[in-house]
Amino acid sequence: LDGARWDARFTLAGLTGRDGVTPIVRDVAAAPDGSAVVVGYFRWAGRTRLDQGVVRVRARRFEPLAERAALPAHPEGYAAVAVDAAGRIALAEFRVDAGREGRLLLVSGGEVREIARFTGNVRTLAFVGDALWVAGQFAVADGPRHLAVWDGTELRGAPGGDPDAAVLTVTALSGGSVAVGGSFGRIGGIDAGRVAVWDGVAWSPRSFAATEALRVLRLVEWDGELVAGGVFALAGATSSSLARFRAGRWESLGGGVSVGP
């Protein structure tokens, strides 16, 4: 197909599925070589045929992973991806039926290593130093639930104890701490409404009031402050779902967002 052109009568060019289902990109991770790794549910990326829902984007072109032949066949694609400073790629399989086992994989140097198996689905993967943080609504048999940390040898649960509900976002902070958010009310043995920070020794809450937040979907550090996006409505605010943590409490950021007048 070298030199071929796309005929718009077929479908939209880009990432396409194999069975008429709309293709889905679930996660993107930047790599240290300037490329990005894209994962989800698709079988074609431009004119490139793929066996799984993972592809690298480099210089505005799609290219398959060098290790794609070593990846296990998985027609449902991937839910999450992370790339560390050495270029290692972590992948979490997606399961339409969350009761079936999925695999957590590490791709490096032409090899694919299975780290763990889980039921449910992983929402976020994040390398923090040499450790891989795994977050979502999942359970490892006789192991951690909703949040786990792989130290290169073993997959361990959240320090101090599993969260009581899903963890949906993990963010490394500039001071070396790690912030996590989700729909949990307890984590590491402490009460923490939807957001908590691990400083390497202990957890500390960054709690929303119980009546304010259903879930936090994303945390970032911006201008030295922790910013949250998700499904929440702060008391006294006219709009919602976007807030920053300042002076020990969450406050609306830029008026928040809304769908009404």
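Relevant structure appears above.
Residues numbered from 1 in each chain as written. Predicted model: local features only at pLDDT ≥ 70, side-chain atom pairs only at ≥ 80, totals over all residues. Heavy atoms only, no water.

Pairing within the open sheet is antiparallel, and its four strands lie in the order β21-β22-β23-β24. Only two strands of the sheet have a single neighbouring strand rather than two, namely β21 (213-222) and β24 (249-252). This sheet shows a mean twist of 35 degrees between the axes of neighbouring strands, independent of strand direction. Sheet topology note: the strand β22 (residues 225-232)/strand β23 (residues 242-246) ladder contains four bridges and is antiparallel. When the bridges of β23 are listed, V227 appears paired with R244. (Pairing = 2+ DSSP bridges. Helix = DSSP H or I, 4+ residues; strand = E, 2+ residues; numbered from the N terminus. Axes fitted to C-alpha atoms, helices over the stretch in contact; angles between N-to-C directions.)

Per the stated rule, a full pass over the model turns up 18 salt bridges. If you follow the salt bridges from partner to partner, you end up with E76, E93, R95, R100 and R103 in one network. (Salt bridge = Lys/Arg side-chain N within 4 Å of Asp/Glu carboxyl O.)

Before going further, it helps to spend a moment on the side chain of S241. For S241, the position within the fold is in the loop between β22 and β23. Side-chain polar atoms of S241 contact the backbone oxygen of G230, separated by 3.1 Å. (Polar contact = N/O pair within 3.5 Å; in protein donor to acceptor, adjacent residues only side chain to side chain.)

Take the packing of aromatic side chains next. Enumeration according to the criterion identifies five aromatic pairs in this entry. With a centroid separation of 4.7 Å and 40 degrees between ring planes, the pair formed by F208 and F232 is classed as tilted. Note that F208 is positioned in the loop between β20 (203-205) and β21 and F232 in strand β22, a separation of 24 residues in sequence. Assigned by exposure class, F208 and F232 land together as buried. Taken together, F208, F232, F245 and W250 form an aromatic cluster joined through their ring pairs. Note that R26 overlies the ring of F94, its terminal NZ or CZ placed 3.6 Å from the centroid. (Phe/Tyr/Trp six-rings, centres within 6.5 Å; stacked < 30°, edge-to-face > 60°. Buried < 20%, exposed > 50% of the residue type's maximum accessible area, 1.4 Å probe, protein only. Lys NZ or Arg CZ within 6 Å of the ring centre and 35° of its normal.)

To continue, consider the pairing of β23. Taken together, the four bridges between β23 and β24 define a ladder with antiparallel strand orientation. For R246, the partnering residue across the bridge sits in β24 and is R249. The antiparallel pairing of β23 with β24 creates a hairpin that spans two residues between the two strands, and A247 there sits at a positive phi of about 55 degrees.

What follows deals with unusual backbone geometry. The phi torsion at D223 lies on the positive side, around 55 degrees, for a residue other than glycine. Here D223 shows up in the loop between β21 and β22. Here D223 falls in the exposed class, since its relative accessible area comes to 71%.

We now examine the side chain of E251. With respect to the element layout, E251 can be found in strand β24. Residues in contact with E251, not counting those within four places in the same chain, are L234, L242, A243, R244 and R246. (Contact = heavy atoms within 4.5 Å.)

Quick look at the environment of F208 now. F208 sits in the buried class, given a relative accessible area of 6%. Sequence-distant contacts of F208, defined by excluding residues within four places in its chain, comprise G193, R194, V195, A213, V216, A228, F232, L234 and W250.

Everything listed here is a matter of coordinates, which is why it stays silent on function.
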